[in-house]
Structure formats: structure tokens, C-alpha cells
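Letter by letter, the chains look like this.
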Amino acid sequence: PKKKLLKYKGLNLLTLKSVVYVPGYTWLNASYNLLCYLDTTIGHLRNLTTLDLSSNSLEYFTNRPFSELCQLETLNLSKNLIKTIPHQDFFDGNS
């Protein structure tokens, strides 16, 4: 099936709270923004298989932002300021 892309690239976004969920969309490109952190606000995008957050200013995550993204296959975090990614941001205590 063809991927449906939500483009939020290069809009100088500080957060992803403005990203509107559109049923059926599986790819979010939020690269080249001004994101400094991620929290659970992206959890409502449950159908995402691809998430591009490259070329932002991401330094850290809060509250396991990817825990609701069960369909996620590809995550691009390149060209950010992240030093470490805690294991619990992706896995629950049973993994």
C-alpha cells in the first residue's frame, strides 16, 4: 500500500502539538524544525509507520513519547542534539 505523507517540514515548529491526526496517514515528516524535546503529544498518531524528526534541535524525550506508536517501523533522529536514548522510551517493563 502507498504511504500517505503528512508534511510539517521546515515550518519552524517548536512542538508537535499542532500536528493534526488524519486517519490513514502513515508517514510524518517533521524534519528541519526547531523541536527541542518530544513528549507524548505524538501518541495520537498511532498509525505512523515512518517518523522523520531529523535536523531539529532535539535534546531529550519525556514520558515515553514513542510508547503509543506500535506501528512505527522507521524513525529518523539524525542531525539532532540527542546524546542518549533511554531504553524505556521504546520498551515497557516487560521487554
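Our structure is the block above this text.
Quick look at the structure, then. These numbers were taken from a predicted model, which means no experiment stands behind them.

### Here's the deal with the packing of aromatic side chains
Next up, step 1: Under the definition given, this model contains two aromatic pairs.
Next up, step 2: Residues tyrosine 37 and tyrosine 60 carry aromatic rings whose centres are separated by 5.9 Å and whose planes lie at 15° to one another, so their mutual orientation is stacked. On the criterion of sequence distance, the pair formed by tyrosine 37 in strand E3 (residues 37-38) and tyrosine 60 in strand E5 (residues 60-61) is long-range, its members being 23 residues apart.
Next up, step 3: Given the relative accessible area of 45%, tyrosine 60 is considered partly exposed.
Next up, step 4: When the centroid spacing of 5.2 Å and the interplanar angle of 85° are considered together, the rings of phenylalanine 61 and phenylalanine 66 count as edge-to-face.
Next up, step 5: Positioned over the ring face of tyrosine 25 is lysine 4, at 6.0 Å from the centre of the ring.

### Some remarks on the side chain of asparagine 80
Next up, step 1: Counting through the fold element by element, asparagine 80 comes out in the segment after strand E6 (74-76).
Next up, step 2: A polar contact of 3.3 Å, which involves the side chain of asparagine 80, links it to the backbone nitrogen of asparagine 56.
Next up, step 3: At 3.2 Å, the side chain of asparagine 80 forms a polar contact with the backbone oxygen of serine 78.
Next up, step 4: Residues in contact with asparagine 80, not counting those within four places in the same chain, are Leu53, Ser54, Ser55, Asn56, Ser57 and Leu58.

### Let's talk about the sheet that holds strand E4 (residues 50-52)
Next up, step 1: The strand order across the open sheet formed by four strands is E1-E2-E4-E6, and the pairing between neighbours is parallel. Edge positions in the open sheet fall to strand E1 (5-7) and E6, since each of these has one partner strand only. Sheet twist, expressed as the mean angle between neighbouring strand axes with direction ignored, is 10°.
Next up, step 2: Sheet topology places strand E2 (residues 27-29) next to E4; three bridges connect them, and they run parallel. Residue pairing across strands places tryptophan 27 opposite threonine 50, the latter belonging to E4.

Rules and cut-offs
Residues numbered from 1 in each chain as written. Predicted model: local features only at pLDDT ≥ 70, side-chain atom pairs only at ≥ 80, totals over all residues. Heavy atoms only, no water. Phe/Tyr/Trp six-rings, centres within 6.5 Å; stacked < 30°, edge-to-face > 60°. Helix = DSSP H or I, 4+ residues; strand = E, 2+ residues; numbered from the N terminus. Buried < 20%, exposed > 50% of the residue type's maximum accessible area, 1.4 Å probe, protein only. Lys NZ or Arg CZ within 6 Å of the ring centre and 35° of its normal. Polar contact = N/O pair within 3.5 Å; in protein donor to acceptor, adjacent residues only side chain to side chain. Contact = heavy atoms within 4.5 Å. Pairing = 2+ DSSP bridges. Axes fitted to C-alpha atoms, helices over the stretch in contact; angles between N-to-C directions.

Honestly, it's all geometry; don't read function into it.
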